[in-house]
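Listed below are the residues making up each chain.
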Amino acid sequence: MENILRQYPEYPEAINLLAQLEQTQGNTEQAYKLFQQLIQLRPQLAEAHYNFATVCKITNQTAQAITHYQQAIQLKPKWVEPYRELAPLYFLPADKNVAIALFQQAIQLAPNEVSHYLALISYYTRQGLYQEGLPIAQRAVKRFPTNADLAYLLGTFFVGLSMYDSALPHFEKSFALQPSAQAAFSIGNVLSFQGKEKAAITYYQKALSLDEQHDAAIYFLQEAKMKLCDWSNKAADEMTLLTTINQQIERDASHHTMALLSFNAFPVPMTLHQRFNRFYASGVEKSVAEWKKMMPFAHHWQPHQRLRIGYISPDFRAHAMGRLLCDLFQHHDRARFEVYGYAIMSSPPKDPFQEKFRAGCDVFREIWQKGILESAQIIYQDEIDILIDLSGYTMLSKPGILALRPARIQISYLGYPNMTQAGFYDYLLADKHIIPKEIEPYYSEKILRLPHTFIGAAVEKPNLKRSRKELGVPEQAVVLAAFHRPEKITPDLFAAWMKILQAAPEAVLWLSGNEQVATNLRAYAQAYDIAQERLIFAPWADYELFLYQMSQADFFLDTWYYSAGATAVAAINMGLPVLTYSPAAHFTARMGESICAAAGLEEGIAVSETDYIQKAVDWIKQPDLLRGLAKKYSPQKHYPCLIIVTLPKH
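Residues numbered from 1 in each chain as written. Predicted model: local features only at pLDDT ≥ 70, side-chain atom pairs only at ≥ 80, totals over all residues. Heavy atoms only, no water.

## Here's the deal with the packing of helix α10 (residues 148-160) against helix α11 (residues 164-177)
Rules: Only C-alpha atoms enter the line fits that serve as axes; for helices the fit covers just the stretch in contact. Angles between N-to-C directions range over 0 to 180 degrees. Strands are runs of DSSP state E lasting at least two residues, helices are runs of H or I lasting at least four, and both sets are numbered from the N terminus onward. When describing relative orientation, an angle under 35 degrees is termed roughly parallel and one over 145 degrees roughly antiparallel, while 65 to 115 degrees is termed roughly perpendicular and anything else oblique. Crossing handedness follows the turn of the near helix against the far one: under a right angle anticlockwise gives a left-handed crossing, and clockwise gives a right-handed one. The contact rule is simple, with two residues in contact once any of their heavy atoms fall within 4.5 Å. Any residue that is not Ala, Val, Leu, Ile, Met, Phe, Trp, Tyr, Cys, Pro, Asp, Glu, Lys or Arg is counted as polar, Gly included; the first ten are nonpolar and the last four charged.
Remark: α10 packs on α11, axes separated minimally by 8 Å, with the N-to-C direction vectors making an angle of 165°. The angle between the axes of α10 and α11 places the two elements in the roughly antiparallel class. Two packed elements cross with a definite hand, and for α10 against α11 that hand is left-handed. Between α10 and α11, the contacting residues are Ala 148, Ala 151, Tyr 152, Leu 154, Gly 155, Thr 156, Phe 158 and Val 159 on the first element and Tyr 164, Ser 166, Ala 167, His 170, Phe 171, Lys 173, Ser 174 and Leu 177 on the second. Looking at the contact of α10 with α11 residue by residue, the class counts come to ten nonpolar, five polar and one charged.

Encoded structure:
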């Protein structure tokens, strides 16, 4: 081919074939020059413009790619491929309708070609436009009922809308049509969200049988076992998990998203927390890099006379974080601050907690139907001086919005209780207990230490009257409440609880958990000769009943590596002394200590495992001591609610 070109340097067919060969072999620079030469020779050749545009797209020359795809369409208007390739290049919110029209034109030209429907639906998914794209996805599935990819994408739309029950049959259909690791993994996730951990484990195992390198399936499989308190192969499971995490980081395998919150329940070194979160942050930044390049936000405005503080969260609703924060916003000094709320998750109609958030904001925007880029654009147009992210890297969060830098100063707070290792968070709100000076070097963010505590909320006592007997608890026993998510309970902690029960036969342990959790924990208790009836399991209850149950206990036992946050606050507000211990350095291990210190219950902060056990036994054996601790804290004099007052210059 090169010989022909040397003899006939302006032979178009040879130039075209050689350029395509160079492109196939990854020699994009040479392909670029050859296609450019071909266009000069044959400016009316649609294929030349199309191929040149494709090379431009590969080399991130988006403007040139758009121009030449348009030229190909103009020269050959019934050729379908340029429409489909051009459409995704219009990804800015203002260009959304142009992109969709191009996809639809491709579909009109080739109505029986499923790839065009897949391209359009993938565009909606990429943009996060689940509500808008749902009818399109549903029509496509109806038209191509045996296409596994379309069924799967429809399931992702329902997940994006938090409609998990609706998502499940479409993931199941996709898996039945064409078994894939990703479909099995998604079924497992929905089942886990529904609380069906045993069934979820089956599907995570199916995912791994189809793709043994599916890192997220390995992670969620272990998490599902934690949620059941299944410690049958605990040491091997932890080794598998940690090995997988390290391998994933080493090979930069960011194609599977991993939930990070439950990682806090593992006793791992701070250096691994650093690497783990840095890896995740890098994936977030890569996911929005193209958008950021096309739409860089310049914070040109001067700080407003009343600083504009924006809070962004999926939890402005009946949720643990929502309950903690719903009274916070109203306490900002309105002479100095203007408060904006950005809801990235829908809430049920007339949700009382969202109503409180609305009332506490000067401006409240529901942006959950918007994509990441459009959401960032809305925040930017509001000229927010300080944006506080209340969800970080949790399941329903959208850290990509923060990665686009819509606000001048950006802060991580509360919802993701860990370091972020991301350049798009400037500060992290904490206190001296959560992040003492000696571990501050592990954090990429600058630490802002609040004067009292990182968290605070007053909780109204429920208007209920039920006896202990009605709640399933012995009337005369000393009741130790431990209403934690099961994945926070570790074998070493459970062993400490059993030693407490061994030393105090008059005590019972009151836990939360389903039937499988109860079965597993009671089986473990037998090894310590603890009678099954001394482990009492409260069914999942609404918030008012949950608080009332808490008020009927004698004191609260905290977990260790992932300590209680909202639950400990509720316990203290219900008049329960809290016993906590922090055996690890990371954020979540220290929450109980911070809450106890802020409430004036320093007696509840143990300094060792032995001290934790001994304090619990002393409290059980000395009723007067326990009553004295309970009287120290009065809900009428709750510890100060957080009020953001000043921030360092940025």
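Next, the rest of the story.
## Digging into the side chain of Ser 174
Spelled out, the test is: The buried label goes to any residue with under 20% of its type's maximum accessible area, the exposed label to any with over 50%, and the partly exposed label to all in between, with areas taken from a 1.4 Å probe on protein chains only. Side-chain atoms alone can form a polar contact between residues adjacent in sequence; in general such a contact is a pair of N or O atoms within 3.5 Å, and within protein one must be able to donate a hydrogen while the other accepts it.
Structurally, the position occupied by Ser 174 is in helix α11. A relative accessible area of 4% places Ser 174 in the buried class. Looking at Ser 174, its side chain comes within polar contact range of the main-chain oxygen of Ala 148, at 2.9 Å. Non-local contacts of Ser 174, meaning those with residues more than four positions away in its chain, are made with Ala 148, Ala 151, Tyr 152, Pro 179 and Ala 183.

## A closer look at the pairing of strand β3 (residues 363-366)
We count it as follows: Strands qualify as paired when DSSP identifies two bridges or more between them. Orienting the strands away from the viewer, one traces the path from the first strand over the helix to the second; a clockwise path indicates a right-handed crossover.
In this sheet, β3 lies alongside strand β2 (residues 337-343) in parallel orientation, the contact comprising four bridges. Paired with Tyr 342 across the strands is Arg 365, a residue of β3. Since β2 and β3 lie parallel, the crossover through helix α18 (residues 352-360) that links them has a hand, and here it is right-handed.

## Considering the nonpolar core
How we decide: Nonpolar cores are built from buried Ala, Val, Leu, Ile, Met, Phe, Trp, Tyr and Cys residues. Side-chain atoms within 4.5 Å join them into one set.
Counting residues in each nonpolar core, the largest one holds 169 residues, and the members touching the most others are Leu 150, Tyr 311, Phe 329, Ile 435, Tyr 443, Trp 510 and Met 550. Here the element with the most residues in this core is helix α14 (residues 215-227); it accounts for eight residues. With residues up to four places along the chain from it excluded, the contact list for Trp 510 reads Leu 471, Val 473, Val 479, Leu 480, Ala 481, Ala 482, Phe 483, Ile 536, Ala 538, Gln 549, Gln 552 and Ala 553. Counting residues in hydrophobic clusters, the runner-up holds 41 residues, among them Phe 494, Ala 518, Ile 530 and Ala 616.

## Comments concerning the sheet that holds strand β5 (residues 409-412)
In any sheet, the strands associate via hydrogen bonds between backbone groups, in a parallel or an antiparallel arrangement. Reading across the sheet, the seven strands line up as β3-β2-β1-β4-β5-β6-β7 and stay open at both edges, with parallel pairing between neighbours. The open sheet is flanked by β3 and β7 (446-449), the only strands paired with a single partner. Between one strand axis and the next, the sheet turns by 25° as a mean value, whatever way the strands run. Bridge count for strand β6 (residues 427-430) against β7 is four bridges, and the pairing is parallel. Paired with Tyr 427 across the strands is Lys 446, a residue of β7.

## Observations regarding helix α25 (residues 591-598)
A large share of α25 lies buried, amounting to seven of its eight residues. Along α25, the positions that sit buried rather than exposed are Met 591, Gly 592, Glu 593, Ser 594, Ile 595, Cys 596 and Ala 597. The inward-facing, buried residues of α25 abut α24 (566-573), β12 (578-581) and β13 (605-606). Gly 600, located one to two residues past α25, shows a positive phi value of around 75°.

## What to know about the pattern of salt bridges
Put simply, the rule reads: Salt bridges are defined by distance alone: a side-chain nitrogen of Lys or Arg within 4 Å of a carboxyl oxygen of Asp or Glu.
This model, assessed by the stated rule, comprises 24 salt bridges. Here Glu 85 ties to Lys 57 by a salt bridge, and the two come within 2.6 Å at their closest N and O atoms. On the criterion of sequence distance, the pair formed by Glu 85 in helix α6 (residues 81-86) and Lys 57 in helix α4 (residues 46-58) is long-range, its members being 28 residues apart. Look at Glu 85 and you get buried, because its relative accessible area is 19%. For Asp 327, the salt bridge identified is with Lys 356, shortest N-O distance 3.6 Å.

## Comments concerning the pairing of strand β1 (residues 307-313)
Summarising burial for β1: six of the seven residues are buried, a large majority. For the crossover from β1 across helix α17 (residues 320-325) to β2, the handedness is right-handed. Bridge count between β1 and strand β4 (residues 386-389): four bridges; the pairing is parallel. Residue Ile 312 lies in a different strand from β4, and its bridge partner there is Asp 389.

## Some points on the environment of Pro 82
Here Pro 82 shows up in helix α6. Along the sequence, Pro 82 and Tyr 50 sit 32 residues apart, while their C-alpha atoms lie 6.6 Å from each other. The residues touching Pro 82, leaving out its near neighbours within four places in the chain, are Tyr 50, Tyr 69, Ala 72 and Ile 73.

## Considering the packing of aromatic side chains
As a reminder, the rule being used: Only centres within 6.5 Å qualify two rings of Phe, Tyr or Trp (six-membered ring in Trp) as a pair; their planes then separate them into stacked at under 30 degrees, edge-to-face at over 60, and tilted for everything else.
One pass over the structure, following the stated rule, counts 34 aromatic pairs. Between Tyr 543 and Phe 546 the ring centres are 6.2 Å apart and the planes differ by 20°, which places this aromatic pair in the stacked class. Linking Tyr 543 with Phe 546, this pair stays in helix α23 (residues 543-551), spanning three residues, or about one helical turn. You can call Tyr 543 partly exposed: its relative accessible area is 24%.

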